[in-house]
Amino acid sequence: MNEQQNIKEGIHKLKRTVLVVDDELINRELLGMILQQKYDVIYAENGRKAIDIVRRIPGRISLVLLDLLMPEVNGYEVLKAMQADPKLRKIPIIVLTSEKDAEVESLQLGAADFIPKPYNMPEVIMARVQRSIELAEDSDIILATETDRLTGLYNKDFFFQYCSKNDVYMPGRAMDAIAVNVSRFHLVNELKGRSFGDKLLCALADEIKYFAFQSEGLAGRGGSDLFFVYLPHCDSHEDFLESISDAAAEIAGEGKINLRMGVYQNVDFSVSMEERFDKANIACNLLRKSASEHYAIYDSNLHEKELFAEKLIHEVEAALAEKQFKVVYQPKFNIKGDEPRLCSAEALVRWNHPELGMISPGLFIPLFEENGLINRLDNYIWREVARQIKSWKVAFGVTVPVSVNVSRIDLLAPDYEQNMVDLVRDNSLQTGDMLLEITESAYTESSDRIIEIANSLRSRGFKLEMDDFGSGYSSLNMLAALPIDALKLDMKFVRRICENAKDLRMVQLMIEIASFLNVPVIAEGVETEEQYRLLKENGCDIIQGYYFSKPLPVDQFSEMIEKEGRKRC
Ligand code: C2E
Ligand code: CA
Ligand code: CA
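Numbering of residues starts from 1 in every chain and runs along the sequence as written. By the order in which they are written, chains take letters starting at A while ligands take numbers starting at 1. Predicted model: local features are reported for residues with pLDDT of at least 70 only, side-chain atom pairs are reported and counted for 80 or more only, and whole-chain, interface and lining totals are derived from all residues. Hydrogens and water are ignored here; the side-chain numbers use all heavy atoms of the structure.

Caption draft 1: Region of interest: the overall build of the protein. Helix numbering and strand numbering both begin at the N terminus, where a helix is a DSSP run of H or I of at least 4 residues and a strand a DSSP run of E of at least 2. When its secondary structure is counted, the protein shows 23 helices and 20 strands. Each of the three principal axes of the protein carries a C-alpha extent, and together these read 120 × 50 × 45 Å. The buried share of the protein, reckoned over its 569 residues, is 48%. Here a residue-residue contact requires only that any non-hydrogen atoms of the pair lie within 4.5 Å. Sequence separation of at least 24 residues holds for 67% of the intrachain contacts in the protein that already meet a minimum separation of 6. The protein chains shown are the only cover counted for residues, whose accessible areas, like all others here, come from Shrake-Rupley with a 1.4 Å probe. With the model as given, the accessible surface of the protein reaches about 29,000 Å², and the carbon-plus-sulfur share is 51%. Both charge centroids of the protein, one from 67 positive and one from 90 negative side chains, sit 4 Å from each other. A simple rule labels every residue: compare its accessible area, found with a 1.4 Å probe on the protein chains alone, to the largest value its type can have, and call it buried under 20%, exposed over 50%, or partly exposed in between. A positive count includes Lys and Arg, and a negative count includes Asp and Glu. His and the chain ends are not counted in either. Charge positions are represented by NZ for Lys, CZ for Arg, CG for Asp and CD for Glu.

Caption draft 2: Region of interest: the nonpolar core. We define the nonpolar core as a collection of buried residues of types Ala, Val, Leu, Ile, Met, Phe, Trp, Tyr and Cys that are connected through side-chain atoms lying within 4.5 Å of one another. If you look at the biggest cluster of nonpolar residues, it comprises 85 residues, and the most contacted ones within it are Phe 325, Phe 364, Phe 368, Val 385, Met 434 and Phe 557. Residue contributions to this core peak at nine residues, all from helix α14 (residues 374-396). Setting aside its immediate chain neighbours within four residues, Val 385 contacts Val 327, Tyr 329, Ala 347, Val 402, Val 404 and Met 434. One finds Leu 204, Phe 227, Leu 231 and Ile 244 within the second-largest nonpolar core, a separate group that totals 28 residues.

Caption draft 3: Fine view of the coordination of the calcium ion (ligand 2). Coordination partners: N, O, S within 2.8 Å of the metal, 3.2 Å for Na, K and Ca; water not considered, so apparent gaps in a site are possible. In the first shell of the calcium ion (ligand 2), the protein supplies Glu 346 (OE), Asn 405 (OD1), Glu 437 (OE) and Asp 467 (OD), at 2.1 to 2.3 Å from the metal. A separation of 4.0 Å is found between the calcium ion (ligand 2) and the calcium ion (ligand 3), which share Asp 467 as a coordinating residue. Of the two residues, Glu 346 is situated in strand β13 (residues 341-353) and Glu 437 in strand β16 (residues 434-439); the sequence distance between them amounts to 91 residues. Judged by its relative accessible area of 1%, Glu 437 is buried.

Caption draft 4: Region of interest: the domain arrangement of the protein. Domain start and stop points were drawn from an automatic or database domain assignment. Taken domain by domain, the protein consists of domain 1 (3-146), domain 2 (154-311) and domain 3 (329-568). When each unit is reduced to the centre of its C-alpha atoms, the spacing between domain 1 and domain 2 is 40 Å.

Caption draft 5: Molecular detail of the state of the cysteines. Cysteine sulfur pairs qualify as disulfides if the two atoms are within 2.5 Å. Tallied over the entire structure, the rule returns zero disulfides. In this structure Cys 202 is not part of a disulfide, and its nearest cysteine sulfur, from Cys 284, lies 20 Å away. Note on Cys 540: no disulfide assigned, nearest cysteine sulfur contributed by Cys 343 at a separation of 11 Å. The buried category is assigned to Cys 540, whose relative accessible area is 1%.

Caption draft 6: Summary view of the packing of helix α8 (residues 185-192) against helix α9 (residues 194-214). Every angle, taken between N-to-C directions, lies between 0 and 180 degrees, and every axis is a line fitted to C-alpha atoms, over only the stretch in contact when it is a helix. In the contact formed by α8 and α9, the axes pass within 6 Å of each other and the chain directions differ by 135°. Relative to α9, the element α8 lies oblique. For the pair formed by α8 and α9, the contact residues are Phe 185, Val 188, Asn 189 and Lys 192 on the first element and Arg 194, Phe 196, Gly 197, Leu 200 and Leu 201 on the second. In this classification, the charged set is Asp, Glu, Lys and Arg, the nonpolar set is Ala, Val, Leu, Ile, Met, Phe, Trp, Tyr, Cys and Pro, and all remaining amino acids, among them Gly, are polar. In terms of residue class, the contact of α8 with α9 is made up of five nonpolar, two polar and two charged. By the definition adopted for this analysis, an angle is roughly parallel if under 35 degrees, roughly antiparallel if over 145, roughly perpendicular if from 65 to 115, and oblique otherwise.

Caption draft 7: A look at the site of ligand 1. Near, as used in this document, describes a residue that has one of its heavy atoms within 4 Å of the molecule or strand being considered. Among the 22 residues in the neighbourhood of ligand 1, the closest are listed as Gln 330, Arg 350, Asp 378, Glu 527 and Tyr 546. Pairing of N or O atoms within 3.5 Å defines a polar contact, subject to two protein rules: one partner must be a possible hydrogen donor and the other a possible acceptor, and residues neighboring in sequence count only if both atoms are side-chain atoms. Between an oxygen atom of ligand 1 and a side-chain N or O atom of Glu 346, the distance comes to 3.2 Å. One nitrogen or oxygen atom from the side chain of Glu 527 is found 2.5 Å from a nitrogen atom belonging to ligand 1. Surface burial for ligand 1 is 83%, taken as the share of its 790 Å² of free accessible area covered by protein chains. Elements supplying a minimum of two residues to the shell around ligand 1: β13, α13 (361-371), α14 and β17 (463-469).

Caption draft 8: The coordination of the calcium ion (ligand 3), seen in detail. Around the calcium ion (ligand 3), the donor atoms from the protein are Asp 467 (OD), Asp 468 (OD) and Glu 524 (OE), and they sit 2.0 to 2.4 Å away. Mapped onto the sequence, the residues coordinating the calcium ion (ligand 3) show the spacing D-D-x55-E.

Caption draft 9: Seen up close, α13. Along α13, the positions that sit buried rather than exposed are Pro 361, Phe 364, Ile 365, Leu 367 and Phe 368. For α13, the angular spread of buried residues about the axis comes to 165°, placing them on one side. Pointing more than 90 degrees away from the buried face of α13 are the exposed residues Gly 362 and Glu 370. Phi turns positive one or two residues past the end of α13, at Gly 372, with a value near 85°. Directions pointing from the helix axis toward each C-beta atom define the arc.

Caption draft 10: Fine view of the pattern of salt bridges. Salt bridge, as used here, is a side-chain nitrogen of Lys or Arg placed within 4 Å of a carboxyl oxygen of Asp or Glu. Overall, the coordinates contain 28 salt bridges when judged by the stated rule. Notably, a salt bridge pairs Glu 137 with Arg 16, separated by 2.7 Å at the nearest N-O pair. Placement of the pair is Glu 137 in helix α6 (residues 122-146) and Arg 16 in the loop between α1 (3-12) and β1 (17-21), with a sequence separation of 121 residues. According to the relative accessible area criterion, Glu 137 is buried, its value standing at 16%. Measuring nitrogen to oxygen at the nearest pair gives 3.0 Å for the salt bridge that ties Lys 311 to Glu 315. Of this pair, Lys 311 and Glu 315 both sit in helix α12 (residues 300-321), four residues apart, which is roughly one turn of the helix.

Caption draft 11: View of the side chain of Ser 106. Considering the arrangement of structural elements, one finds Ser 106 in helix α5 (residues 100-108). Its relative accessible area of 0% is what places Ser 106 among the buried residues. Contact partners of Ser 106, with chain neighbours within four places excluded, come to Leu 79, Val 95 and Ala 111.

Caption draft 12: Main features of the packing of aromatic side chains. Only Phe, Tyr and Trp rings are paired, with Trp represented by its six-membered ring, and only when their centres lie within 6.5 Å; those with planes under 30 degrees apart are stacked, over 60 edge-to-face, the remainder tilted. Following the criterion strictly, the structure yields 23 aromatic pairs and no others. Here the aromatic rings of Trp 351 and Phe 364 are separated by 5.6 Å at their centres, their planes lie at 85°, and the arrangement is edge-to-face. One end of the pair, Trp 351, is in strand β13; the other, Phe 364, is in helix α13, with 13 residues separating them in the sequence. For Phe 364, a relative accessible area of 0% gives the class buried. The structure contains a cluster of three or more aromatic residues connected by ring pairs, namely Phe 159, Phe 160, Phe 228, Tyr 230 and Phe 277. Here, a charge over a ring means that NZ of Lys or CZ of Arg falls within 6 Å of the ring centre while also lying within 35 degrees of the ring normal. For Lys 279, the ring lying beneath its charged end belongs to Tyr 264, and the centroid distance is 5.8 Å.

Written out as structure tokens, the structure reads:
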């Protein structure tokens, strides 16, 4: 049995209530006698009382039998009042009249049927009453299964069906699929209560329904706080977003409620309705990361990027287990003396992917930083590096300090410091053998906690290098208080140091700051002899870049250590 039949069965077991409205007692009694074998009958002797009753118990009245000519408030006025009220509009009304003309007018006013006076054919009256009630209930049941109980919008499946019908009736009309979502709706519910959340959803649904109706479109509810709208194509729907945002603001009062809208423009009619709204939803979800943007248009390139990102994230665990991540080492040279001397290296990760080949960290590190996976990967890299430093020590009798990249998320992990201490001890290294590169932005974005952690690491003997210095907007004041052992200039200043006087000036300033802080300066991204000379002239201490060497696989870097080892600083 389907849901529709189920509801119908249940309803048929109940006894319906009929309201008889007539100013003449004899008529009320006559109708009451006819109806009471099958229905509960209640009475009103004028229009005002009738309106009172239906307003008080609208859900209990299955039908109204309404006399037209009554003193005070007549039947026409009752009809009009009930039609004007959305809650009462659904109650079927049968008009009682002896005038032919009145029948047409009352049907136009929304009456379901009429019964001529006098009441000399009880079985006709019963049949008409029964039929009107059944018709009204059937359409109610259809509405109940098609629409969402809270908002009255079509639920997802029926919405998709109506959208498909729309395509059939309007062939060739360009359409847009739109998804609307409330940002952090779960928080709205938690902070303001479920009934507020429901109220908000209803207000949004009303506005969305109204807008869709005005624009010859359709609206539906896709699930909790997700709404779908199918509208004729238009270059921008931002005015629509604005009008529903206004509706949300009205409900929210002080608290701000943000909405997101994703649009799949000019839908491809060969893909399923579900897929069209999936695309709108994908565009909508992309906005999740942004606090300031609320409107996005689906873009297949972006979608592919997302899918690629998901694939990489999905494969990390297996890649770790299969040792697909490789560490490469980029040498750093001290240029203070007459001849550059190898002094350390930076460990950089590469993903040797079985299908995609070598993937650069620029593609996956930001993804992993976003979802916390970076911690897993970096721990693996640090273990590899510590093991490697130890094996060089054994093979060549020298310690080559290696810097590793430490993300903000790594630092904030509660066991970070202890892990590093254990790692160094387990490989018989000194804490100073592993240099920790922390970007300037990590310091500035969550400074107090990071400074505390950095201080603690330094007290254990670890050396901290501030990476990408010049891009994170530290104030001079703050820099003086930061626990750091070296400044690593942001590559973008070094890149154009020879052509752009302003960039050269920036580098000179940063070198002055480092000398004020009494820490060495490292320049990375040095590709040409000219850049190297200029940096050396300006007092830079250490250089890393293609000019000396690209990042090298471990074997090649081992050869370099063997050759250069004796000259090391
Ligand atoms: P970064 O820490 O600023 O690393 C320097 C980047 O500059 C490296 O890119 C390096 O290969 C590149 N580079 C070095 N010399 C030159 C040069 O002369 N010219 C040019 N154009 N580039 C040069 P890579 O290896 O692609 O790494 C990109 C970023 O990914 C790194 O920037 C770092 O932020 C991150 N990263 C790399 N490995 C790891 C890791 O193991 N853990 C974490 N958390 N981040 C990593
Ligand atoms: Ca780095
Ligand atoms: Ca850097």
